[in-house]
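The primary structure of each chain is shown beneath.
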Amino acid sequence: INVRHLVTLLRDDIGMEKIKSTIKYPMQDVKVAIHYGCHLLKPSEVMNVDDPVIPKILQELIEITGATPINHQEYLLCCGKACQTEDVPETMMRDLLKTVHDEEPEILCLVCPTCFGQFDYGQVKVAKQFNEDFHTPAIYYMQLLAFAQGVPYEKLGFERQRLKPEW
């Protein structure tokens, strides 16, 4: 069995041009911060998805939706969820959210369910703990793509998220 990441299936099997041809509503004027997470790129010799130091795959996938991808200062950092102590993940999340917030994106796009939990629920925890509200909705790339392809907002599962994109 050859287990592959969804982003490599999109890039290598379907292809960027084919995906781009399915876009009905380009996400123009939407600034999208990118978060790679640690398991998409590392260990690089196992994952073999993209250059682990200067990756481009999420940037390219976001661009085909018409949105503007933004690599915030810490876009390659771990979300902190796997840390063993209680205070480390919140501090890491706060530091990450600051660099995201500095870029003023409408949303934060990612592909990892663990990172999603951190940026959705964890962002609410950080706001309470540090009295700082960054309010940057996290969404999966597939939600962004589906919306650009014409899937109605109410069918994308945003109602289950704590922070919802406002399009």
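Structure: above.
All of the points below concern the structure found in this document. Treat the numbers as computed from the prediction; the structure is a model and nothing was measured.

## Here we look at the pattern of salt bridges
And then number 1: Going through the model one piece at a time under the given rule, you end up with 5 salt bridges.
And then number 2: Here arginine 11 ties to aspartate 12 by a salt bridge, and the two come within 2.6 Å at their closest N and O atoms.
And then number 3: Note on arginine 11: relative accessible area 24%, which makes it partly exposed.
And then number 4: Its salt-bridge partner being aspartate 120, residue arginine 162 comes within 3.6 Å of it at the nearest N-O pair. Linking arginine 162 in the segment after α8 (141–148) with aspartate 120 in helix α7 (residues 113–130), this pair joins segments that are 42 residues apart in sequence.
And then number 5: Accessibility expressed as a relative area gives 2% for aspartate 120, which makes it buried.

## Focus: the side chain of glutamate 90
And then number 1: With respect to the secondary-structure elements, glutamate 90 resides in helix α6 (residues 87–102).
And then number 2: Taking relative accessible area as the criterion, glutamate 90 reaches 8% and is therefore assigned buried.
And then number 3: The contacts of glutamate 90, once residues within four sequence positions are left out, are Lys125, Val126, Gln129 and Phe130.

## Let's talk about the nonpolar core
And then number 1: Counting 32 residues, the largest nonpolar core has Leu58, Leu61 and Tyr141 as its most contacted members.
And then number 2: Counting only elements with at least two residues in this core, the list comes to α1 (6–14), α2 (16–20), β1 (31–34), α3 (38–41), α5 (57–63), β3 (107–110) and α8.
And then number 3: With 6 residues, the single largest contributor to this core is α8.
And then number 4: Setting aside residues up to four positions removed in sequence, tyrosine 141 forms contacts with Leu10, Leu61, Ile62, Ile64, Thr65, Cys109, Leu110 and Val111.
And then number 5: Grouped together as the second largest cluster of nonpolar side chains are 15 residues, Leu96, Phe116, Phe119 and Ala138 included.

## With respect to the pairing of β3
The side chains of a regular strand alternate, residue by residue, between the two faces of the sheet.
And then number 1: Burial along β3 is two-sided: the face carrying Ile107 and Cys109 and the face carrying Leu108 and Leu110 are both buried.
And then number 2: Inspection of the sheet shows β1 paired to β3 by 3 bridges, in the parallel sense. Directly across from alanine 33, in β3, lies its bridge partner leucine 108.
And then number 3: Bridge count for β3 against strand β4 (residues 138–140) is 3 bridges, and the pairing is parallel. When the sheet's bridge partners are listed, cysteine 109 is paired in β4 with isoleucine 139.
And then number 4: Each parallel crossover has a hand, and for β3 linked through α7 to β4 it is right-handed.

Reading the values: rules and limits
Residues numbered from 1 in each chain as written. Predicted model: local features only at pLDDT ≥ 70, side-chain atom pairs only at ≥ 80, totals over all residues. Heavy atoms only, no water. Salt bridge = Lys/Arg side-chain N within 4 Å of Asp/Glu carboxyl O. Buried < 20%, exposed > 50% of the residue type's maximum accessible area, 1.4 Å probe, protein only. Helix = DSSP H or I, 4+ residues; strand = E, 2+ residues; numbered from the N terminus. Contact = heavy atoms within 4.5 Å. Core = buried A, V, L, I, M, F, W, Y, C linked by side-chain atoms within 4.5 Å. Pairing = 2+ DSSP bridges. Right-handed = clockwise from strand over helix to strand, strands pointing away.

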